[in-house]
Every structure is written in C-alpha cells, then in structure tokens.
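Architecture and fold: a report
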Amino acid sequence: TPVRPDNTPWPESVPGCHAQVVKRQDALVGTADPDVVIWWDRFSVSGFRDLDGAVVPAGSDRFWSLRRDALDAAVRRLGARGAIVVLVGAEPPAESVFGRCAVVGCDWPMFQIAHYEDVTVPWNTMLRDYAEGHPELSAFISITDVVCREDVAPCDDRIGGITARRDGVHYEGAGEEAVIDALLVLLGPFMERYG
C-alpha cells in the first residue's frame, strides 16, 4: 500500500486495491497470452506499508531490498507464459505540476520533485540493471528524452510551446501523441522478435 510522503496512508478509494490489481493483471495475462507486457509505474518510487503494516520509507535500505524482490517477482509473474516484460523508466514530472497543486494538493508531486535524484533515478537504474541481467525476461526503455529537454525534476516538457502534461503527470494532446509514437518505436524491436 503506497504511503504519502509523511508516511501516512493515501486514502484508499478501493479497499484491497493492490490485491485486486494483481488479480486483474493475472487474468489479463492469462486470457490475452501476450508476447510483450509493458510495466510503466510511477508509484513504485513511493514509500509503502509492507504486508505487516509497517511503513517502509522511500529510499531506505529496506525499501530498496523489498523493491528489488518485488521487481523480480512481478517480472516473473507477468512473464510466466513467455512474455518479455518491458520496464519503462519513470520520467520526471513537468513544471506544470505546480498548477495541479492548486487542484489536488502538492504532496505527491512535491515528493516526486524533491526525491527525483535520490529515489526515482536509482529506481530507473534498478530497472535498467535488472533488464540487463535478465534479458530473457525483461527489457528497459525510457521516454524521458522524448518529453523532457533535460532529465531534471521538474522538467520542461513543452511541445510547440504547449505542455505535454497539463497536470504535470498525465499526457494529453501533442504530448500523448509524442509518447505513443516514442513507445511504438522503442517497442518495435520486441514486437519484431515475435514476428
């Protein structure tokens, strides 16, 4: 269960959400039998509560140990039927996130900005290293260079003078098109592998 930057739980809109998501993923993988599974998750950089309810702060030694184990378990679960799991790096939030703060609050975006270098960048490195060490199971791609002029948080993600992510996180308009195009190009080699 992800926790807020102050280590209190995020309000859970759906009780038992994590367990439901895993069941849904397993069902989709089981029925679709995909060749490629894309894992693009920003909440993996959040602190969380473990199965015993103890808070595991983002960036702590225990956080990295448990994230490493969870990454391996998730890749093996999602790829159990032979799919390659493509891990997508978490990109920095955009400067426009400050407009979002006025609407939904700043806890999460400010955490992402404050801990981009010490949590998100090492998380992306863990994903890349895992993929390099397990090429039969996974691969790593990043779209940061597509949407950000520099790999810093917050980043300038303007395309033609318009932000790619009005709320600083979710893509729309020209940003959505640029990301889809970039993902299709980056995923091309994996799709070709399966004909």
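Structural data are supplied above this passage.
Below, the structure is looked at part by part. Keep in mind the model is a prediction, meaning the values are calculated, not measured. (Residues numbered from 1 in each chain as written. Predicted model: local features only at pLDDT ≥ 70, side-chain atom pairs only at ≥ 80, totals over all residues. Heavy atoms only, no water.)

The N-to-C vectors of helix α2 (residues 61–78) and helix α5 (residues 116–133) enclose an angle of 40°; their axes lie 11 Å apart at closest approach. Classified by the angle between their axes, α2 and α5 sit oblique to one another. Of the two elements, α2 crosses α5, and the hand of that crossing is right-handed. Along its contact with α2, which presents Phe63, Trp64, Arg67, Arg68, Leu71, Asp72, Val75 and Arg76, the element α5 presents Asp118, Val119, Pro122, Trp123, Met126, Leu127 and Tyr130. Per-class residue counts for the contact of α2 with α5 are ten nonpolar, no polar and five charged. (Axes fitted to C-alpha atoms, helices over the stretch in contact; angles between N-to-C directions. Helix = DSSP H or I, 4+ residues; strand = E, 2+ residues; numbered from the N terminus. Parallel < 35°, antiparallel > 145°, perpendicular 65-115°, else oblique. Left-handed = near helix turned anticlockwise from the far one by under 90°. Contact = heavy atoms within 4.5 Å. Nonpolar A, V, L, I, M, F, W, Y, C, P; charged D, E, K, R; others polar.)

The subject of this paragraph is the pattern of salt bridges. Any two side chains of opposite charge can pair if their charged atoms end up close together. Tallied over the full model, the rule gives ten salt bridges. The residue aspartate 107 makes a salt bridge to arginine 4 at a minimum N-O spacing of 3.4 Å. Taken together, the residues span a long stretch of sequence, with aspartate 107 in helix α4 (residues 107–114) and arginine 4 in the segment before α1 (17–32) at a distance of 103 residues. Given the relative accessible area of 23%, arginine 4 is considered partly exposed. The partner of arginine 149 in a salt bridge is aspartate 156, and the shortest N-O contact between them spans 3.1 Å. (Salt bridge = Lys/Arg side-chain N within 4 Å of Asp/Glu carboxyl O. Buried < 20%, exposed > 50% of the residue type's maximum accessible area, 1.4 Å probe, protein only.)

Moving on: the nonpolar core. Judged by nonpolar contacts, the single largest core of 25 residues is most densely connected at Trp39, Leu71, Val75, Val85 and Leu87. Among the secondary structure elements, those contributing two or more residues to this core are β1 (36–39), α2, β4 (84–88), α4 and α5. When neighbours within four sequence positions are excluded, valine 85 is seen to be in contact with Val37, Trp39, Val75, Leu78, Gly79, Leu137, Ser138 and Ala139. In terms of nonpolar packing, the next biggest core, distinct from the first, is built from 17 residues, Val86, Val147, Cys148 and Tyr171 among them. (Core = buried A, V, L, I, M, F, W, Y, C linked by side-chain atoms within 4.5 Å.)

By themselves these figures say nothing about function.
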